Amino acid sequence: MYEKVILWATPAFFLLIAIEIVVGWRRRRSQYRVADALNSIALGQMSTYIGVFGRIISFGLYVLIYEKARVVTLDSTSVWAWIVGLLLYDFLYYWYHRFGHEVNVLWAAHVVHHQSEEFNLSTALRQTGTSYLFSWVFYVPMAVLGFPPALLLGVGLIDLLYQFWIHTEHIGSLGVFDRLFASPSNHRVHHAVNDRYVDRNYGGLLIVWDRLFGTFQPELREEPVVYGTRDPLHSWNPLWANLHSYAGIARDSWHARAWGDKLRVWIKHPGWRPLDVSERYPKAPFQLSAVAKFDRPLPTALAVYCVVQSVLVLGLGTHFLAVVPGWATAPTVAYLAWLVLCLCVIGGLIEGRRGYLWAETLRVAAFGVIAAAIVGVGVPFAREVIGLISLVMIAWLWAAGRSLSGRDAPQFAA
Ligand SMILES: [Zn+2]
Ligand SMILES: [Zn+2]
């Protein structure tokens, strides 16, 4: 069901993104950069595809606890069960989200959503691929209280889909609405790295939880929001985006001399480091004035190529979500691995790295061979057409990327 709703919602997401781009263009205030938006969309895809397995863990455990440990059975057709379920879910989401910012290993999972240094509707699609390991714990009370699994799935989707529209800079303050519900204004604050804003406004649907538990912060005219994270990613590789914070914690844990610190670094507040580690491997303290957006030069023709390939991979991913429910594990894993590989290679290309021209050539050629083997059987001229399209793609790639040099130092947008 989850995959079906996301599949149906995807055209609406892209229509609204297109509208936001046009509005930004007309107002001469666009927050879109091709690389950043493609990276966010790739992370949304990766999260959804990995979720085919991830939800077996998170949703499967919910079902198990509901079956074995519920104290009552609530009627999934009752309107009241849905209203109370939505409110309870949103309350638990608040704590899940808050812990996701305040406990290092949970932040390593959630950080993906915050890595964009822009704030637009594509940022909403930027979701983690590893939260499935932890998220279910926070919703155990709903299972014990007898909220049926279908209801949990339904209210979870309402909470998630609601949060799409609040990722925009084109909607200003909404007065009293900003003090009751999650809104563009108070969610901009949530995505900020400014001292006054950081770790505030966790609410998914209602912002009253933040007001109750002391984490509410309104957006201030005198303090413009600076987006991103305090330990920036500086990469367009979606797999690395999912892993880089875990890698940072693992590195500090490895370097820590005391066993207690080796464990503490996983559960302390993000940014906490063992004293001996921070002395031997110092990091520059965060400075708002020093924040610069990650960017690398990308020829326009190559940017267009990356957009086209991203659209094609999105189409392939749609096929994946539509067909895999009936598949065995091994081919599903293989298909998932292929999609992740595609997204990573395109991510490397967006970084303008010359070596990825070869990786992309191999990817297109391999896909041509696989597609010809599957589709070409019994279809006249299918193999020839697929071969021709693959060659055109490769020729376009090399023509578009001919000006790329070797490994440039990272560059930053103004
Ligand atoms: Zn967050
Ligand atoms: Zn957000």
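Undergrad: Can you walk me through the packing of helix H2 (residues 34-69) against helix H12 (residues 238-255) in this structure?
TA: Any two packed helices are characterised by how steeply their axes cross, that is the angle between the axes, and by the distance between the axes. Contact geometry for H2 and H12: axes closest at 8 Å, N-to-C directions at 75°. Here H2 lies roughly perpendicular to H12, going by the angle between them. Of the residues in H12, those in contact with Asn 39, Ala 42, Leu 43 and Met 46 of H2 are Pro 238, Leu 239, Ala 241 and Asn 242. For the contact of H2 with H12, the per-class residue count stands at six nonpolar, two polar and no charged.

Undergrad: What is the right way to read the coordination of the zinc ion (ligand 2) from this model?
TA: Ideal geometry at a metal gives 109.5 degrees between four tetrahedral donors and either 90 or 180 degrees between six octahedral ones. The zinc ion (ligand 2) binds to the protein through His 113 (NE2), His 167 (NE2), His 187 (NE2) and His 191 (NE2); the donor distances cover 2.0 to 2.1 Å. One can describe the site at the zinc ion (ligand 2) as irregular: its four donor atoms subtend angles covering 94 to 158° at the metal.

Undergrad: Help me understand the packing of aromatic side chains in this model?
TA: For any pair of aromatic rings, the description consists of the separation of the ring centres together with the inter-plane angle of the planes. On inspection of all chains with the given rule, the structure shows 23 aromatic pairs. When the ring of Tyr 305 is compared with that of Trp 396, the centres are 5.2 Å apart and the planes differ by 85°; the resulting orientation is edge-to-face. Taken together, the residues Tyr 305 in helix H15 (residues 300-323) and Trp 396 in helix H18 (residues 382-400) connect sequence positions 91 residues apart. Residue classification places Trp 396 among the partly exposed positions, given a relative accessible area of 28%.

Undergrad: Explanation requested: the packing of H15 against helix H17 (residues 355-375) in the structure shown.
TA: At their nearest, the axes of H15 and H17 sit 14 Å apart, and the two run at 40° to each other. Overall, the two elements H15 and H17 adopt an arrangement that is oblique. For H15 against H17, the interelement crossing comes out left-handed. Here Tyr 305, Gln 309, Val 313 and Leu 316 of H15 come into contact with H17, specifically with Glu 360, Arg 363, Val 364 and Phe 367. In terms of residue class, the contact of H15 with H17 is built from five nonpolar, one polar and two charged.

Undergrad: Just to check I follow, could you spell out the pattern of salt bridges for this structure?
TA: Once the charged atoms of two side chains with opposite charge are near each other, the side chains can pair. Evaluated as defined, the whole model comprises twelve salt bridges. Between Asp 195 and Arg 230 there is a salt bridge, and its shortest N-O distance comes to 2.6 Å. In this pair, Asp 195 is assigned in the loop between helix H10 (184-190) and helix H11 (208-212) and Arg 230 in the loop between H11 and H12, connecting sequence segments 35 residues apart. A relative accessible area of 63% places Asp 195 in the exposed class. Owing to a relative accessible area of 35%, Arg 230 belongs among the partly exposed residues under this scheme. What emerges from the salt-bridge pattern is a single network uniting Arg 33, Glu 118, Lys 293 and Asp 295.

Undergrad: For this particular structure, what's the right way to read the coordination of the zinc ion (ligand 1)?
TA: Every protein donor of the zinc ion (ligand 1) is accounted for by His 97 (NE2), His 101 (NE2), His 110 (NE2), His 114 (NE2) and His 190 (NE2), and the metal-donor separations fall at 2.1 to 2.2 Å. Motif for the zinc ion (ligand 1), donor spacing along one chain: H-x3-H-x8-H-x3-H-x75-H. In this structure, the zinc ion (ligand 1) lies 5.8 Å from the zinc ion (ligand 2). With a gap of 76 residues between them, His 114 in the loop between helix H4 (104-110) and helix H5 (121-125) and His 190 in helix H10 connect regions that are remote in the sequence. Of the two residues examined, His 114 and His 190, each falls in the buried class.

Undergrad: Teacher, can you tell me more about unusual backbone geometry here?
TA: What you tend to see is this: most non-glycine residues have negative phi, and most peptide bonds are trans. For Asn 201, which is not glycine, the phi dihedral falls at a positive 60°. Along the polypeptide, Asn 201 turns up in the loop between H10 and H11. Here His 234, not a glycine, exhibits a phi torsion of approximately 55°, which is positive. You can see His 234 is positioned in the loop between H11 and H12.

Undergrad: How should I be thinking about the domain arrangement of the chain in this particular structure?
TA: Interfaces are often described in size by the accessible area the parts lose on coming together. The domain architecture assigned to the chain consists of domain 1 (2-212), domain 2 (248-294) and domain 3 (300-400). For domain 1 versus domain 3, the distance between C-alpha centres works out to 30 Å. Listed by partner, the interface residues are 14 residues for domain 1 and 21 residues for domain 3. Buried surface at the junction of domain 1 and domain 3, summed over both partners, amounts to about 1500 Å²; 90% is from carbon and sulfur atoms. The largest contributions to the domain 1 side of the interface with domain 3 come from Leu 38, Tyr 49 and Phe 53, which together make up 40% of the buried area. Summed over the shared surface of domain 1 and domain 3, the result is zero salt bridges. The interface formed by domain 1 and domain 3 holds zero residue pairs in polar contact (both at pLDDT 80 or more) in total. Secondary-structure elements contributing two or more residues to the side of domain 1 that touches domain 3 are helix H1 (2-26) and H2. Among the elements that take part in the side of domain 1 that touches domain 3, H2 stands out by supplying eleven residues, more than any other.

Undergrad: Explanation requested: the nonpolar core in the structure shown.
TA: Among soluble globular proteins, nonpolar side chains are generally buried collectively. Judged by nonpolar contacts, the single largest core of 34 residues is most densely connected at Tyr 49, Leu 302, Tyr 305, Phe 320, Leu 339, Leu 349 and Ile 350. Elements with a minimum of two residues in this core: H2, H15, helix H16 (329-350), H17 and H18. The leading source of residues in this core is H16, at eleven residues. Discounting chain neighbours no more than four positions away, the residues touching Leu 349 are Leu 298, Leu 302, Tyr 305, Cys 306, Tyr 356, Leu 357, Glu 360 and Leu 397. Counting residues in hydrophobic clusters, the runner-up holds 30 residues, among them Ile 65, Tyr 89, Val 103 and Met 142.

Undergrad: Before we go on, may I ask you to explain the side chain of Ser 47 in this structure?
TA: In this fold, Ser 47 is placed in helix H2. Setting aside anything within four residues of it in sequence, one finds Ser 47 in contact with Gln 127, Thr 128, Gly 129 and Tyr 132.

The rules behind the values
- Residues numbered from 1 in each chain as written.
- Chains lettered and ligands numbered in written order.
- Predicted model: local features only at pLDDT ≥ 70, side-chain atom pairs only at ≥ 80, totals over all residues.
- Heavy atoms only, no water.
- Axes fitted to C-alpha atoms, helices over the stretch in contact; angles between N-to-C directions.
- Helix = DSSP H or I, 4+ residues; strand = E, 2+ residues; numbered from the N terminus.
- Parallel < 35°, antiparallel > 145°, perpendicular 65-115°, else oblique.
- Contact = heavy atoms within 4.5 Å.
- Nonpolar A, V, L, I, M, F, W, Y, C, P; charged D, E, K, R; others polar.
- Donors = N, O, S within 2.8 Å, 3.2 Å for Na, K, Ca; no water.
- Tetrahedral: all angles 85-135°; square planar, octahedral: opposite > 155°, others 65-115°.
- Phe/Tyr/Trp six-rings, centres within 6.5 Å; stacked < 30°, edge-to-face > 60°.
- Buried < 20%, exposed > 50% of the residue type's maximum accessible area, 1.4 Å probe, protein only.
- Left-handed = near helix turned anticlockwise from the far one by under 90°.
- Salt bridge = Lys/Arg side-chain N within 4 Å of Asp/Glu carboxyl O.
- Domains from an automatic or database assignment.
- Buried area = accessible area lost by both parts, 1.4 Å probe.
- Polar contact = N/O pair within 3.5 Å; in protein donor to acceptor, adjacent residues only side chain to side chain.
- Core = buried A, V, L, I, M, F, W, Y, C linked by side-chain atoms within 4.5 Å.

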